[in-house]
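# Report on the structure
Listed below are the residues making up each chain.
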Amino acid sequence: MRNRFDDTNPAKEEEEYVQSIIDNVKWLGFDWEDRLFFASDYFDQMYEYAIQLIKAGKAYVDDLPADQITEFRGTLTQPGKNSPYRDRSIEENLNLFQRMKTGEFPDGQKVLRAKIDMAHPNLNMRDPVMYRILHASHHRTGDRWCIYPMYDWAHGLEDSIERITHSICTLEFENHRPLYDWFLDALGVYHPQQIEFARLNLTYTVMSKRLLFQLVEEGHVAGWDDPRLPTISGMRRRGYSPSSIRAFCKRIGVAKFNSMVDFEFLEHNIREDLNKTSPRFMGVLRPLKIVIENYSDQQTEELEAVNNPEEPARGTRKIPFSKTLFIEQDDFMENPPKDYYRLTVGREVRLRYAYFIKCLEVIKKDGRPVELRCSYDPATKGGYAPDGRKVKSTIHWVSMSHAVPAEVRLYDRLFTIADPVGQKGMDFKEFLNPQSLEVLRDCRIEPAMKTLKPFERFQFERLGYFCVDPDTTKDNLVLNRTVELRSSWTKLQKQRRKNQEPFNT
RNA sequence: AGCCCCGUAGUGCAGCGGUUAGCACAAGAGACUCUGGAUCUCUAGACACCAGUUCGAAUCUGGUCGGGGCUGCCA
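Residues numbered from 1 in each chain as written. Chains lettered and ligands numbered in written order. Predicted model: local features only at pLDDT ≥ 70, side-chain atom pairs only at ≥ 80, totals over all residues. Heavy atoms only, no water.

### Overview of helix H7 (residues 209-217)
Residues three or four positions apart in an α-helix share a direction because the helix packs 3.6 residues into each turn. Every buried residue of H7 is accounted for by Leu211, Leu212, Leu215 and Val216. For H7, the buried positions fall inside an angular range of 140 degrees around the axis, keeping them on one side. In H7, the exposed positions angled more than 90 degrees off the buried face are occupied by Lys209, Arg210 and Glu217. Of the residues trailing H7, Gly219 is marked for its positive phi of about 75 degrees. (Buried < 20%, exposed > 50% of the residue type's maximum accessible area, 1.4 Å probe, protein only. Helix = DSSP H or I, 4+ residues; strand = E, 2+ residues; numbered from the N terminus. Arc of directions from axis to C-beta.)

### Re the packing of aromatic side chains
When we look at a pair of aromatic rings, we describe it by the centre distance and by the angle of the planes. Under the definition given, this model contains 22 aromatic pairs. Ring geometry for Tyr295 against Phe321: centres 5.2 Å apart, planes inclined by 80 degrees, an arrangement best described as edge-to-face. With Tyr295 in the loop between strand E11 (287-292) and strand E12 (301-306) and Phe321 in strand E13 (residues 316-321), the pair connects residues that are 26 residues apart, well separated along the chain. As far as burial versus exposure is concerned, Tyr295 and Phe321 are alike and both buried. A centroid spacing of 5.6 Å and a plane angle of 65 degrees characterise the contact between Tyr340 and Trp489, whose relative ring orientation is edge-to-face. With Tyr340 in the loop between strand E14 (324-328) and strand E15 (348-351) and Trp489 in helix H11 (residues 488-500), the pair connects residues that are 149 residues apart, well separated along the chain. Linked through ring pairs, Phe43, Tyr47, Phe97, Tyr131, Trp145 and Tyr148 together constitute an aromatic cluster. One cation-aromatic arrangement involves Arg163 over Tyr190; the distance from NZ or CZ to the ring centre is 4.2 Å. For Arg236, the ring lying beneath its charged end belongs to Phe455, and the centroid distance is 4.1 Å. (Phe/Tyr/Trp six-rings, centres within 6.5 Å; stacked < 30°, edge-to-face > 60°. Lys NZ or Arg CZ within 6 Å of the ring centre and 35° of its normal.)

### Focus on the packing of helix H2 (residues 43-55) against helix H5 (residues 151-161)
Where H2 meets H5, the closest approach of the two axes is 11 Å, and the angle between their N-to-C directions is 115 degrees. Taken together, the axes of H2 and H5 lie roughly perpendicular to each other. For the element pair H2 and H5, the recorded crossing hand is right-handed. Only Trp153, Ala154, Leu157, Glu158 and Ile161 of H5 make contact with H2, whose side of the interface consists of Gln45, Met46, Tyr49, Ala50 and Leu53. Counted by class, the contact of H2 with H5 contains eight nonpolar, one polar and one charged residues. (Axes fitted to C-alpha atoms, helices over the stretch in contact; angles between N-to-C directions. Parallel < 35°, antiparallel > 145°, perpendicular 65-115°, else oblique. Left-handed = near helix turned anticlockwise from the far one by under 90°. Contact = heavy atoms within 4.5 Å. Nonpolar A, V, L, I, M, F, W, Y, C, P; charged D, E, K, R; others polar.)

### A look at the confidence of the model for chain A
Parts of the model with low pLDDT should not have their predicted coordinates read in detail. Across chain A, the average pLDDT comes to 95, with 99% of residues at or above 70. As scored by the predictor, the complex reaches a pTM of 0.94 and an ipTM of 0.95. (pLDDT = per-residue confidence, 0-100.)

### Let's talk about the nonpolar core
In terms of nonpolar packing, the biggest core is built from 34 residues, with Phe97, Leu112, Met130, Tyr131 and Trp153 touching the most fellow members. Elements represented by at least two residues in this core include exactly H2, strand E3 (59-62), helix H4 (90-102), strand E4 (111-114), strand E5 (129-133), strand E6 (147-149), H5 and helix H6 (177-187). Sorting elements by how many residues they give to this core places H2 first, with eight residues. The next biggest cluster of nonpolar side chains, apart from the first, holds 26 residues, and it includes Tyr295, Leu303, Leu351 and Cys359. (Core = buried A, V, L, I, M, F, W, Y, C linked by side-chain atoms within 4.5 Å.)

### Some details on the protein's contact with RNA strand B
The local shell around RNA strand B holds 64 residues, among which Thr8, Arg280, Arg350, Gly382 and Gln495 are the closest. Across the atoms of RNA strand B situated within 4 Å of the protein, the share located in sugar and phosphate is 62%. At 2.5 Å from a phosphate oxygen of RNA strand B is found a side-chain nitrogen or oxygen belonging to Thr8. The side chain of Gln459 places a nitrogen or oxygen atom 2.7 Å from a base nitrogen of RNA strand B. Listed by contribution, the elements that provide at least two residues to the surface near RNA strand B are helix H3 (66-72), E5, helix H10 (263-277) and H11. For the surface near RNA strand B, a count of residues per class yields 26 nonpolar, 20 polar and 18 charged. (Near = heavy atom within 4 Å. Polar contact = N/O pair within 3.5 Å; in protein donor to acceptor, adjacent residues only side chain to side chain.)

### A short note on unusual backbone geometry
A positive phi angle, close to 55 degrees, is found at Arg163, a residue other than glycine. Here Arg163 is to be found in the loop between H5 and strand E7 (166-170). Phi is positive for Asp366, close to 50 degrees, though the residue is something other than glycine. Summarising the element assignment, Asp366 is placed in the loop between strand E16 (356-365) and strand E17 (368-377). Residue classification places Asp366 among the exposed positions, given a relative accessible area of 75%.

### Digging into the environment of Ile22
With respect to the secondary-structure elements, Ile22 resides in helix H1 (residues 15-27). The buried category is assigned to Ile22, whose relative accessible area is 9%. Taking C-alpha positions, Ile22 is 44 Å from Gln78, a pair spaced 56 residues apart along the chain. Other than its neighbours up to four places away in sequence, Ile22 contacts Asn3, Phe5, Trp32 and Leu36.

### Comments concerning the sheet that holds E4
Strands sit in the order E3-E4-E5-E6 across an open sheet of four strands; the sheet is antiparallel. Either end of the sheet is taken by a strand with one partner, and the two such strands are E3 and E6. Looking at each pair of strands side by side, their axes are set apart by 20 degrees on average, direction ignored. Sheet analysis places E3 next to E4, joined by four bridges and oriented antiparallel. Following the sheet pairing, Tyr60 is matched in E4 by Arg113. Lying over the sheet, H4 contacts E3, E4, E5 and E6, oriented at roughly 60 degrees with respect to E3. (Pairing = 2+ DSSP bridges.)

### Topic: the sheet that holds strand E24 (residues 478-484)
Sheet strands associate in pairs through backbone hydrogen bonding, adopting either a parallel or an antiparallel arrangement. Reading across the sheet, the seven strands line up as E9-E22-E23-E24-E20-E21-E10 and stay open at both edges, with mixed pairing between neighbours. Strand pairing shows two members of the sheet lacking a second neighbour, strand E9 (280-281) and strand E10 (283-284), which therefore form its edges. Its contacts with the sheet place H10 against E9, strand E22 (457-460), strand E23 (464-468) and E24, and it is angled at close to 115 degrees to E24.

### Focus: the environment of Tyr384
Mapped onto the secondary structure, Tyr384 falls in the loop between E17 and strand E18 (394-395). When the C-alpha positions of Tyr384 and Phe356 are compared, they lie 8.2 Å apart, and in sequence the two are 28 residues distant.

### Focus on the side chain of Arg317
In this fold, Arg317 is placed in strand E13. For Arg317, a relative accessible area of 9% corresponds to the buried category. Looking at Arg317, its side chain comes within polar contact range of the main-chain oxygen of Arg280, at 3.1 Å. A polar contact of 2.8 Å, which involves the side chain of Arg317, links it to the side chain of Glu446. Residue contacts for Arg317: discarding those within four places in its chain leaves Arg280, Phe281, Met282, Leu303, Glu304, Ala305, Val306, Asn307, Glu446 and Ala448.

Following this line, the structure appears as structure tokens:
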């Protein structure tokens, strides 16, 4: 494969973007080795081709100002009018074009146009502009040029020069294909085939460069790599793996139909990959203190935990256990519904890889549980009951004195509705989800995680997949939630909420 | 309105003249489980419509309806 940038417009090409595109595409897993090209590599050749067209009487220099060109183009239903400069002699065109190149004219005073048909039903064929004058410095050619080719003129030439067999692009270029073909045929050069396909749309987000740019510029997100954005750098920072993104793309396929893929399908592919590859850890996002009354004050034990049940070869690690622990606030309920399996007063549950514990008493402050008094069964060490008794659930925990603090950023969909762009007469930003980011600063995680580096991915048991954010510093470990684990419990709750809504008023 | 493109389960794709119209996700039911995860089993669900061609049409033709794109010296 090769990588080519269509850098035909000096005003819109910035080194910064070029480099980040290169970095991101490489990260995604593509390697073009030394085959990195730019449209600007072919500027000389394109200039020669333009002269060839002029000599064939198929291109002319137009003096009409921009607004007049627009006016003369006509409309969707009305044909355009010929420019008064359309029938200049070949010699005059050659002379003028040469002088455009040497910088004799200011920006916008003249353009080179293809001589096709001002009455053509396809607007793109009404004498399209091939070259415009721009006294601007180009990031690769510097000040060598003051005329720059238009994309439509340049694109087919680049493909032809590189002898591409098929040139794929997005649907909005369908109407440009006749022009692509016309230029190549007029020149009589090698003619690749342009094929268009639909761009990807995802629910609950926006995909267009223009719209993403607005979100970044106006500060609705923290930057191009904000983990809520569907940019490659955003997905990377969110913790998506390259292989899962590739698997997703492969499965959604390509079509010529403007479709909208469920965001959940992306998440499915992420989970599928991360489930197989992520090491497991335990971390408590919203801590609730519990004290094991019949466990000795002084004692600490090292308990063995599996690193990845999907891949036993990854081995095990030790987790410290002691009298005072943290569990997740959600894992305790004083008055639980019937189908709640977790901890409640008088019920026994398993602490993962540790012991069976029973809750004896809740200590509350201002009506909220702040501490649980529990007992444990020493015979259940490691989480197995020798007498074969069952427990309804297994919950995660960390030892209070051993745990490491961390900041955890939880992400939710960027928009509150599936298609924020498709709402007639409404600005897509009206549908931004104010809760798309939630920051938890009082999380506690198991000590083995101290060595994790930025971008490392892992699973917090029962919570989801996470990764280390590059904002991490020596004293502040920052973690991003990539995606939650599927959970029949949260699903049930969502259903319940939905079913109640209509009756709520 | 002129030109171009597109219509297959809720979603995304496959199907290229003869298939019980296939796959994945989502949905529903169950099994299993030291993650309410993973895994496994099962269920429901679609060819936009109308003509025509043909022994036979989701597939070919025409029309209707519906969706999208196009009036930058942007790409």
